[in-house]
Structure formats: structure tokens, C-alpha cells
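For reference, the chains in residue letters:
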Amino acid sequence: MTTPFSTAAVHIDLGDRSYPILIGQGLLDTPSTWTDLPKASTALIVTNTTVGPLYAHRLQTALSTHYKRVRCVVLPDGESHKDWATLNLIFDELLGQGADRKTVLFALGGGVVGDMTGFAAACYMRGVPFVQVPTTLLAQVDSSVGGKTAINHPMGKNMIGAFYQPQRVVCDLDTLQTLPQREMSAGLAEIIKYGPIADMVFLDWIEAHLDALLARDPQALAHAVRRSCEIKAWVVAQDEREGGVRAILNFGHTFGHAIEAGLGFGVWLHGEAVGCGMVMAANLSQRLGWVDEAFVRRLTTLIARAGLPTAGPQLGAQAYLHHMRVDKKAEAGEIKCVLIESPGRATVRAVPDAVLVQVIDAGCAA
Ligand code: NAD
Ligand code: GLY
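Overview of the structure. Since the model is a prediction, treat every value here as computed from it, not as a measurement. (Residues numbered from 1 in each chain as written. Chains lettered and ligands numbered in written order. Predicted model: local features only at pLDDT ≥ 70, side-chain atom pairs only at ≥ 80, totals over all residues. Heavy atoms only, no water.)

Under the criterion given, the structure shown has 21 salt bridges. A salt bridge links Arg 227 to Asp 199; its shortest N-O distance comes to 2.9 Å. You can see Arg 227 sitting in helix H7 (residues 218–238) and its partner Asp 199 sitting in the loop between helix H5 (181–198) and helix H6 (200–214), a full 28 residues away along the chain. On the accessibility criterion, Arg 227 (26% relative accessible area) is partly exposed. Each of Asp 142, Glu 190, Lys 193 and Lys 232 takes part in one network of salt bridges that share partners. (Salt bridge = Lys/Arg side-chain N within 4 Å of Asp/Glu carboxyl O. Helix = DSSP H or I, 4+ residues; strand = E, 2+ residues; numbered from the N terminus. Buried < 20%, exposed > 50% of the residue type's maximum accessible area, 1.4 Å probe, protein only.)

The environment of ligand 1 is made up of 28 residues, and the closest members are Asp 77, Glu 79, Thr 135, Thr 136 and Thr 178. Here an oxygen atom of ligand 1 and a side-chain polar atom of Asn 48 are 2.9 Å apart. A distance of 2.6 Å is found between an oxygen atom of ligand 1 and a side-chain nitrogen or oxygen belonging to Glu 79. Mapped by element, the contributors of at least two residues to the shell around ligand 1 are helix H1 (51–64), helix H3 (111–123), helix H4 (137–143), strand E8 (156–163) and H5. Taken together, the residues of the shell around ligand 1 sort by class into 7 nonpolar, 11 polar and 10 charged. (Near = heavy atom within 4 Å. Polar contact = N/O pair within 3.5 Å; in protein donor to acceptor, adjacent residues only side chain to side chain. Nonpolar A, V, L, I, M, F, W, Y, C, P; charged D, E, K, R; others polar.)

The next subject is the site of ligand 2. All residues adjacent to ligand 2 are Asp 142, Lys 148, Lys 232, Glu 242, Arg 246, Leu 249 and Asn 250. Here a nitrogen atom of ligand 2 and a side-chain polar atom of Asp 142 are 3.1 Å apart. Here ligand 2 loses 91% of its free accessible area of 200 Å² to cover by the protein chains. Its residues assigned to classes, the shell around ligand 2 comprises 1 nonpolar, 1 polar and 5 charged. (Areas by Shrake-Rupley, 256 points an atom, 1.4 Å probe, with all protein chains shown as cover.)

Structural data, given as C-alpha cells:
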């Protein structure tokens, strides 16, 4: 048995909205994790029916030394509940308990809970503080960092939301031990993403340590979470509200969102759709002559080794295009994709429908 450890915090530098990302084992129960948080009389833990029974009691106990009242609201689990009706459960709880504008929200769960809690925090009384306590690999390496909060609309993924930064992100690696294997694979998609867009040395490392990551080796997880957060923090610090470079973090997402929306939210996991979307976006980059076949094969092999699908569902190219147009990068109906200019460098380009149809047709399961 190895000794529990924590790495030095990663800092995200956003002026007066800067905050630390704590990464380590046993953080939920470590008193110093929760010191120096905003002073308030009330904390509200937002979690779901799966994560709540596993971790809410421990978080409630830890927070009880800092807040007079620590309440908990338990949401239904799943992407299909990332909607207005479920968001309202958080407001019902806040208003029902007479929560004031100093109340601190704690998002305990994966990206769905994190995105919804962040959006609720941005809206309640025009903004209350919140803390991200991500418990999925995907949320620890991506969604809890950077302040994107949202719910889905039946016509489009994450279409209703706000940029709103948390006070702190607490990545307790121990929570990943209870995560289903399919969710581990989904998280690996967002880790792999950082290689082709920003750091090919990290891609080499992921290839070499993929088996350890799949086996949830704490040291390997710590490095993967840390390096992912460093890259994300570096990108977000340059472009908090996605006026430019931040869009590269959406590599694979334009195709991926079409898969999620086209199949119905929750049928494929977000990370699965992103994994497959990265294969399509890499193929598109190859068609433009920017990367070679060996690069596309290398990425596809890694995505498959991570346990992710590499061929898209047969929705029909027109259905893909329809959903890809409902994308925050699209302008005047023109679809924009994140493409790999050269390994380790990404860019965003408008792509003609005819080229997209070729890529989609080639990238879907027969
Ligand atoms: P999720 O939140 O649905 O969690 C996946 C599943 O794992 C759920 O059933 C959840 O209850 C369960 N779970 C969570 N932690 C667990 C644990 N420790 N043990 C056992 N089960 C656990 O999915 P996700 O992959 O974490 O997040 C996907 C969401 O994140 C999508 O809605 C996506 O749009 C969003 N996202 C947001 C950003 C952003 O920047 N805000 C970035 C990427 C993804
Ligand atoms: N997950 C993409 C972003 O945070 O910008």
C-alpha cells in the first residue's frame, strides 16, 4: 500500500478570479483542504443519487467545522437531467432554506453536477461563491476547471449557461476508485485531447502509462490530472471567455456534440463522443494535408486502447451537419472545427459542408 499524497496545487491565473486546483489523495478528509474558503453561515452540497451516498457524508462532516449549516440537495443522475427542471431543484432548496447571497455551493460529482451547480451559483441572487469537488476523471481533468457552466437545451448541448469561476477545485483522486470503467475511459478522452492540441510529450507519456491509468494507479492518475489541469489553466488564463485560443479545448467536440445530441443526451457518454470526434477531426486535418496518416493512426490506436469508440453512429451525414450547426463556434450557419495544424498545435477553421460529409461518411460505423 502506498502512502496517500497530494501534489502542489495548480494555479489558474485570472486576476481577482484566480484560484487553486488541489490534487491528491484523501483531500476530502484533510482539514487544510477546506480552510480559507469564503465566510458564510450556510453551505449547500449539490450532488446526485449516485455520488451522494458515496461521498456526501464525508464532505458534510468536513465542512461542518467551517459552516454553521451544511445542507445537501440530491439531483437525479445523468446527462438527460442536465436541464431546467433539475436546475430548479437547486433554486428550490436555496430559496426554501432562505439561503443568503453569501451561501457557498459545493459541486460534488461529475461534470453534469459541476456544470449545473456552477450555473446555479452564477444565477442565484446574481452570483454566490461555489467550489468544485469533481469525482469523475473527466471532471477532474476538464469540466471543473475554467468556469464554463451550463445546462442542455433539447436542441443543443450546453446552450444555456454562463462563464463563472469557482473559488477552488478539489480533485480527490481516491474518489476515482469507485468510478465505473466506462467512465474512466470517457475521462481518458479529455486527457488524450491535450496531447494533439498542446503537448506531444504528454501524448508520449499517456501512451506509455495508459495501462496504469486504466488500472487507476494513484501516481499515474496524479500526473495525468495535474498535467491536464496545467494545460487547461494555461489556455484559460489566455482566453477566459473563449474569444480565441480557448476554442482549441473543443478538439473533437463539434463532431462529438452532434453524436450526443443526435443519439439523445446520455446514450453515448460525453467522453465517448469526444473520443470518436477526435478521430473524425484528425481525419479532417489529414485531408487538409496538415498531419499525416501515421499521426491519425497513432491517435486512433490510443483512443481505441483507452476503451473508446473510434467510429461514429450512423445518424446520416445531414443529421450530423444539423447538430454541428447548433454549436457555439458556428457563425452565420457556417460550421467551425478544431483541427490539428501540426502535432501539438491546433487551430479553428470553417469547413465546407461537402468536406464534412466526406469525413462523416468515412468515420461512421458501416
Ligand atoms: P457525469 O457527471 O454524468 O458522471 C458520470 C457518471 O459517473 C454519473 O453516473 C455519476 O453519477 C457517476 N459518478 C461520478 N463520480 C463517481 C464516483 N466517484 N464513483 C462512482 N460513480 C461516480 O459525467 P462526466 O463525464 O463527469 O461529465 C460530463 C459532463 O461534463 C457533460 O455534461 C459535459 O458537457 C460536461 N463538460 C463540461 C466541461 C466544462 O468545461 N464545463 C468540459 C467537459 C465536459
Ligand atoms: N472543455 C472546453 C473548455 O473548457 O473550454
